[in-house]
Amino acid sequence: MYEPIRTKSVHTMAEPEFPHRSRGEELDIQLAGHLAALLAVTDELRALPAGAGGGPGSELDPAADRIAEQVARLRRGRRPVRSTAPGAGAARADTLHRRAHALAGRALVVAASRADTAAAILAAERMDAHAAALDVSSAALSAAH
């Protein structure tokens, strides 16, 4: 009675031409991105003068190295690019600490969702460190006024 359809339906899902990533792989990519952004901000803080909330030789050096190790692990050995930008000043340090705190929080959420204990601990430690730096900065600002 009716002639059968000889072409594929437009409603049929097309076969993908690229392999799909698993949820775990997607979370690894997302976590590596958050940690790489945190590393960039940490490197900016390291470039600040010592009295402006950062500086070389501070606790930021080992923290940056640990973050770089985690990024390389998540990227299967590819080391992240490190920033060597010169620092600005104390006002910039507060902004950088706030940004770093937010990035560490995002990394913590992703690390917890993929059950990556090492990255979660590192992110939580960085959140604490940046929150403490902001507390010290606001206390110094209050004492100055």
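Scroll up for the structure.
Notes on the structure in this doc start here. Only a predicted model underlies this, so the values are computations on that prediction, with no experimental measurement involved.

Right, let's talk about the environment of E69 for a bit. Inspection of the secondary structure assignment puts E69 in helix α2 (residues 60–74). Counting along the chain gives 11 residues from E69 to P80, while the straight-line C-alpha distance between them is 8.7 Å.

Looking now at α2. It helps to recall that an α-helix has 3.6 residues per turn; residues three or four apart then point in one direction. Taking 1.5 Å of rise per residue, the 15 residues of α2 would be expected to cover 21 Å, and the 21 Å separating its terminal C-alpha atoms lies within 8% of that figure. Here α2 has its buried residues at L60, D61, A63, A64, I67, A68, Q70, V71, A72 and L74.

Counting 28 residues, the largest nonpolar core has L31, L35, L38, V41, L45 and I67 as the members making the most contacts within it. Listing elements by their share of this core, those giving two or more residues are α1 (23–46), α2, α3 (90–113) and α4 (117–144).

Turning our attention to α1. Helix length check: α1, at 24 residues, gives a terminal C-alpha distance of 34 Å against a target of 34 Å (1.5 Å per residue), a fit within 8%. Listed in full, the buried residues belonging to α1 are L27, D28, L31, A32, H34, L35, L38, L39, V41, T42, D43 and L45.

In this structure, R76 takes a positive phi of about 55° despite not being glycine. You can see R76 is positioned in the loop between α2 and α3. Looking at R76, the relative accessible area reads 64%, which means it is exposed. Even without being glycine, A115 reaches a positive phi, approximately 60°. Given the relative accessible area of 64%, A115 is considered exposed.

With that out of the way, let us pick up the pattern of salt bridges. For the coordinates displayed, the defined rule picks out 11 salt bridges. Note that E44 is salt-bridged to R92, the shortest N-O span being 2.4 Å. Taken together, the positions of E44 in helix α1 and R92 in helix α3 put the pair 48 residues apart, joining distant regions of the chain. Exposure remark for R92: the relative accessible area of 30% places this residue in the partly exposed category. When the shortest N-O distance is used, the salt bridge between R66 and E125 registers 2.7 Å. Taken together, the residues span a long stretch of sequence, with R66 in helix α2 and E125 in helix α4 at a distance of 59 residues. Taken together, the salt bridges that share partners define one network made up of D43, R46, D61, D65 and R82.

Okay, the side chain of D43 next. Inspection of the secondary structure assignment puts D43 in helix α1. If sequence neighbours within four positions are ignored, D43 has contacts with A64, R82 and S83.

Conventions adopted
Residues numbered from 1 in each chain as written. Predicted model: local features only at pLDDT ≥ 70, side-chain atom pairs only at ≥ 80, totals over all residues. Heavy atoms only, no water. Helix = DSSP H or I, 4+ residues; strand = E, 2+ residues; numbered from the N terminus. Expected span 1.5 Å × (residues − 1). Buried < 20%, exposed > 50% of the residue type's maximum accessible area, 1.4 Å probe, protein only. Core = buried A, V, L, I, M, F, W, Y, C linked by side-chain atoms within 4.5 Å. Salt bridge = Lys/Arg side-chain N within 4 Å of Asp/Glu carboxyl O. Contact = heavy atoms within 4.5 Å.

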